[in-house]
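Reading the structure
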Protein chains: 2
Amino acid sequence: MKATVPITVASLKVACSQCNLVELCLPFGMAESEIDRLDELVGARRKIKRQQNLYRAGDPFEAIYAIRAGSFKTDVLLEDGREQVTGFQMTGEMLGLDGISTETHSCNAIALEDSEVCVIAYSKLEELSRVVEGLQLQFHKVMSREIVRDHGVMTLLGSMRAEERLAAFLLNMSQRFTARGFSPAEFHLRMTREEIGSYLGLKLETVSRAFSKFQDEGLIAVQQKHIRILDIIGLKRLIQHPSPRS
Amino acid sequence: MKATVPITVASLKVACSQCNLVELCLPFGMAESEIDRLDELVGARRKIKRQQNLYRAGDPFEAIYAIRAGSFKTDVLLEDGREQVTGFQMTGEMLGLDGISTETHSCNAIALEDSEVCVIAYSKLEELSRVVEGLQLQFHKVMSREIVRDHGVMTLLGSMRAEERLAAFLLNMSQRFTARGFSPAEFHLRMTREEIGSYLGLKLETVSRAFSKFQDEGLIAVQQKHIRILDIIGLKRLIQHPSPRS
DNA sequence: ATGGACCGTTGATCCACGTCAACCACGAAA
DNA sequence: TTTCGTGGTTGACGTGGATCAACGGTCCAT
């Protein structure tokens, strides 16, 4: 994921209409005339270095963020120190929606690599989406999509076994890389085995073993964080044909 | 949960401003003058008998629903027949938000008892929330709250053990009954052990054993679906002091 | 290059929960 | 009343993944 854009004066001038992520991001599906009106929406860009927080649980909620470059994880810390990764986000995806309900962020957003986000003041978003119908609809769709995604994760955590979970994870990553113009079969994971494990409700050793097993079976080739999918059909078969459970 | 309302002419006339669920439902937090304007929003009420679907995965999305009486579960069916319950909903809570993103419902909503919902045409909601600021904000908060809730479930499924999960579930139910004016300590579950298990990512036998264990330890008294919480502190301690994992 | 911090892999062992099976309790229908 | 079906409980046993532990690779900073 080296989707950085050459830094020119044009790209520094914040403008959704000029951004190459329109088909992935908030403006997706909006009319051109409507997208032009978004240019006042993105107040600024913000760079976040690897391992740094975009926001933390407890921070007052003021803005949502669209990922312009890089990638993030979101997680929740339990009182006793346990961590649950609730999602991995890539370019064009939105962060911060959790904060609307209580006007306080309820999770942490941490950059997995040096990244950049577009800052969208929530008050401005509300205001503008009262006038621009397409924006209102798109924003609602973005939130709804997040709910549907979460249900998918609940299904994964609640009813799949370790290898099915990892297969589902890899297929999901592949599909999202593809949507961003990268290879469906070869990509670089930005998160550690431990983070994958936390997301999938598994220990890092189990994740590692499942990677090795997939490799032995010729489904993928693993070299640290670099993944090559050799048999996508085989991976899909894994999640449809359950080894029995639930 | 016998929260049925006497059927009078007044209650049949659909009116959020007259509804005793305002503090739980969509209008929560809106100004009185704003709430009056909602009366055009709720087109109709709809009664759903126990075990019947309010909507099914794949149905075209047209409306969201506010539960006026009764309770529901939502679930997702995997190709291979496995079921994952994604939530239990009580009076004042909203159903159908999953449908916005693809204009098609992505889960099933099934009544756990004879129930009644207010039907809110989505097109009308969009229209009205462009004019009534409080409605826009409230609707966004409702969606955001759902996202936060889902993160909570992911945490539960991803990093808690069986007894912690059940304790968290009971405390959550207690808290929601309390918010509805029922006893915090004594309530009637409307779902089966199997549905609880599906929601918590456990088998029904495990749920049953955990109930029995809690009873042996004097934390609760169980009689089928009737639950009495005897030691709420003890239950809370269970989820804070983890038996080690993750 | 060299030491050290991470990160990942792999093996041996353990145990929480799933599986299988028998039985019981309750409510609805006959 | 009896019967039947569904839902709940409990026991015996098996296993998937956690735990504990050792070791190897990679990337820094020096």
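All residue numbers refer to positions counted from 1 along the written sequence of the respective chain. A letter from A marks each chain and a number from 1 marks each ligand, given out in the order of writing. Side-chain atom pairs in this predicted model are given and counted only at pLDDT of 80 or more, local residue features only at pLDDT of at least 70, and totals for whole chains, interfaces and linings cover all residues. Each side-chain value is worked out from all heavy atoms of the structure, with water and hydrogens disregarded.

All names here are of chain B. Read across the sheet, three strands follow the order 9-11-10 without closing on themselves; strand pairing throughout is antiparallel. Each edge of the open sheet carries a strand with a single partner, namely strand 9 (186-188) and strand 10 (220-223). On average, adjacent strands in this sheet sit at an angle of 15° to one another, irrespective of strand direction. A pair of strands is labelled paired if DSSP reports no fewer than 2 bridges between them. Secondary structure elements are taken from DSSP: a helix is a run of H or I of four residues or more, a strand is a run of E of two residues or more, and numbering for both begins at the N terminus. Pairing of strand 9 with strand 11 (residues 226-229) involves three bridges; the strand directions are antiparallel. Across the sheet, the residue bridging to H188 is H226, located in strand 11. The contact criterion used throughout is that any non-hydrogen atoms of two residues lie within 4.5 Å. Axis lines are fitted through C-alpha atoms, for helices just across the contact stretch, and the angle between N-to-C directions can take any value from 0 to 180 degrees. Relative to strand 10, helix 7 (residues 204-216) is tilted by about 130°, and along the sheet it contacts strand 10 and strand 11.

Attention now moves to the packing of helix 5 (residues 162-179) of chain A against helix 6 (residues 193-200) of chain A. Residue and element names in this part refer to chain A. It is the contact of helix 5 with helix 6, at a shortest axis distance of 11 Å, that shows an interaxial angle of 110°. With respect to each other, helix 5 and helix 6 are oriented roughly perpendicular. Contacts between helix 5 and helix 6 involve R165, L166 and F169 from the first element and I196, Y199 and L200 from the second. Note on terminology: angles under 35 degrees are roughly parallel, angles over 145 are roughly antiparallel, angles of 65 to 115 are roughly perpendicular, and the others are oblique.

Under the local residue numbering, the UniProt record ascribes the feature "domain: HTH crp-type" (unreviewed entry) to residues 160-233 of chain A. Its end C-alpha atoms 18 Å apart, residues 160-233 of chain A is made of 55% helix and 15% strand. UniProt positions are given in the numbering used here, feature names are shortened, and annotations may be inferred rather than shown by experiment.

Let us look at the protein's contact with DNA strand D. The local shell around DNA strand D holds 20 residues, among which T206 and R209 of chain A together with S208, R209 and S212 of chain B are the closest. Distances are taken per atom, and a residue is near a molecule or strand as soon as one of its heavy atoms is within 4 Å of it. Across the atoms of DNA strand D situated within 4 Å of the protein, the share located in sugar and phosphate is 67%. Within 3.5 Å is the distance limit for a polar contact, defined as a pair of N or O atoms, with the added protein rule that one can donate a hydrogen and the other accept it, and that residues adjacent in sequence qualify only through two side-chain atoms. Within the contact set of DNA strand D, a phosphate oxygen lies 3.3 Å away from a backbone nitrogen or oxygen of K203 of chain A. Contact between DNA strand D and R193 of chain B: a phosphate oxygen at 2.8 Å from a side-chain N or O atom of the residue. Elements that contribute at least two residues to the surface near DNA strand D include exactly helix 7 (204-216) of chain A together with helix 7 of chain B.

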